[in-house]
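Architecture at a glance
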Amino acid sequence: MRDLNAFPRVSLGVFPTPVHKLENISRALGTNVYVKRDDLTGLGLGGNKVRKLEFLLADAKQKGAGIVFTTGGAQSNHAMLTAAAANRLGMTPILILKKRGVTAVRGNLLLESIMGTDVRFVDTDDYAQIYAEMDRVGAVLGKSYYKIPCGGSNALGTLGYVACAQEIALQGMRFDHLVCAEGSGGTMAGLALGAKLFLPGTKVHGMMVDTEPFERITPRLMREAAAMLEAEVTITDDDFTLRDVCGDGYAIPSEAGNAAVRMMAEREGLFLDPVYTGKAFGGLVAMAREGAFKKDDNVLFLHSGGAGGLFAIE
Ligand SMILES: *Cc1c(COP(=O)(O)O)cnc(C)c1O
């Protein structure tokens, strides 16, 4: 297997992110709950996309890109962090966003406006059309450009969360369960592959906050990332579990998600967001109440960020 450190990578964040116990939540749920603070990755307002961008933007730089395109919903944390990272590396970010979500200059759109980011909206949900629009704009501007897919979730971006699993292993604690949100798939796929490689005995649970076919997306990204790493592993459906916590739809707050946001805020003084981490933590709470965790189990929750979106709730 290739060494993760052998891949081109730019330094954007502050790692390792802390892991600590949530004492009050642990007492309430009757198991040992820990949090991996990827809301503190150190760029923008933190969040999981920083780890992916360290690999993706190294590739963009190596290919000599002057412009970096990406896409997502109007309040995409990924798009905001891509803009912040590209600026820092001297590349020009252009965000081609869908009108899905809050389009007023609030939340992540406010942060993009502060950074002076070139934000354009397209009235489609079809990614093929959005990537074609990137090619059109890129050709007009006549500079070399690099396209990052929605959420940074291709095999290269997924390596960011394989690296996170390695980081967790090096932090020295053993976890029986690892729980994260799944929105475009790279985070979950990276953690599930990384757990197979570096965290034997840790079960990985993806909390689906969108309605994409994650039962196919997750193993596909795991296989593609494993191939890049030349890791000799066989990916099976037993490598992870998935749970639907989407509710009425992506980016539509749910009752269980909002209750989880309040629980974390009231008991631990940590803020989750209603789109990803709140729904994901709601899934962890539901699993605990269903008896999925034993009293002595160590359960690690990935806090993947999302602060920007917290200020764009209608
Ligand atoms: C993008 C995002 C996720 C989901 O990660 P994916 O790799 O897209 O599945 C989770 N939490 C937050 C805050 C995010 O912005």
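These numbers were taken from a predicted model, which means no experiment stands behind them. (Residues numbered from 1 in each chain as written. Predicted model: local features only at pLDDT ≥ 70, side-chain atom pairs only at ≥ 80, totals over all residues. Heavy atoms only, no water.)

1. Observations concerning the pattern of salt bridges
Per the stated rule, a full pass over the model turns up 15 salt bridges. Lysine 21 is the partner of glutamate 23 in a salt bridge, and the nearest nitrogen-oxygen pair spans 3.9 Å. For aspartate 118, the salt bridge goes to arginine 120, with nearest N and O atoms at 2.9 Å. Through salt bridges with shared partners, one network takes in Lys36, Asp38, Arg51 and Glu167. (Salt bridge = Lys/Arg side-chain N within 4 Å of Asp/Glu carboxyl O.)

2. Things to note about the site of the ligand
Lys49, Lys52, Ser184, Thr187 and Ser304 are the nearest of the 16 residues found near the ligand. One nitrogen or oxygen atom from the side chain of asparagine 77 is found 2.9 Å from an oxygen atom belonging to the ligand. Note that an oxygen atom of the ligand is positioned 3.4 Å from one of the backbone N or O atoms of glycine 186. Compared with its free state, where it exposes 380 Å², the ligand has 98% of that area covered by protein. Here the shell around the ligand is composed, by residue class, of 2 nonpolar, 11 polar and 3 charged. (Near = heavy atom within 4 Å. Polar contact = N/O pair within 3.5 Å; in protein donor to acceptor, adjacent residues only side chain to side chain. Areas by Shrake-Rupley, 256 points an atom, 1.4 Å probe, with all protein chains shown as cover. Nonpolar A, V, L, I, M, F, W, Y, C, P; charged D, E, K, R; others polar.)

3. Thoughts on the sheet that holds strand 7 (residues 177-182)
The 6 strands are arranged 1-2-10-7-8-9 in an open sheet whose pairing can be described as mixed. Strand pairing shows two members of the sheet lacking a second neighbour, strand 1 (19-21) and strand 9 (241-244), which therefore form its edges. For this sheet, the mean angle separating the axes of adjacent strands, direction not counted, is 25 degrees. Packing of helix 6 (residues 155-170) onto the sheet brings it into contact with strand 2 (32-37), strand 7 and strand 10 (298-303), and relative to strand 2 it is tilted by some 125 degrees. Across the sheet, helix 7 (residues 186-198) is in contact with strand 7, strand 8 (203-208), strand 9 and strand 10; its angle to strand 8 comes to roughly 170 degrees. (Pairing = 2+ DSSP bridges. Helix = DSSP H or I, 4+ residues; strand = E, 2+ residues; numbered from the N terminus. Axes fitted to C-alpha atoms, helices over the stretch in contact; angles between N-to-C directions. Contact = heavy atoms within 4.5 Å.)

4. Remarks on the layout of surface pockets
Size it by volume and the largest pocket reaches roughly 720 Å³. Going through the elements one at a time, helix 2 (49-62), strand 3 (67-72), helix 3 (77-88), helix 5 (127-141), strand 7, helix 7, helix 8 (214-229) and helix 11 (307-310) are the ones with two or more residues in the lining of the largest pocket. Looking at the lining of the largest pocket, its residues break down into 15 nonpolar, 21 polar and 9 charged. In this model, the second largest pocket occupies a volume close to 280 Å³. Taken together, 20 residues make up the lining of the second largest pocket; nearest its centre are Gln75, Val102, Ala251, Val275 and Ala312. Grouping the constituent residues of the lining of the second largest pocket by class yields 10 nonpolar, 7 polar and 3 charged. (1 Å grid on protein atoms, 1.4 Å probe; cavity = no way out; pocket = protein on both sides within 12 Å on 5 of 7 lines; lining within 4 Å. Points joined across faces, edges and corners; volume = space filled by probe spheres on them.)

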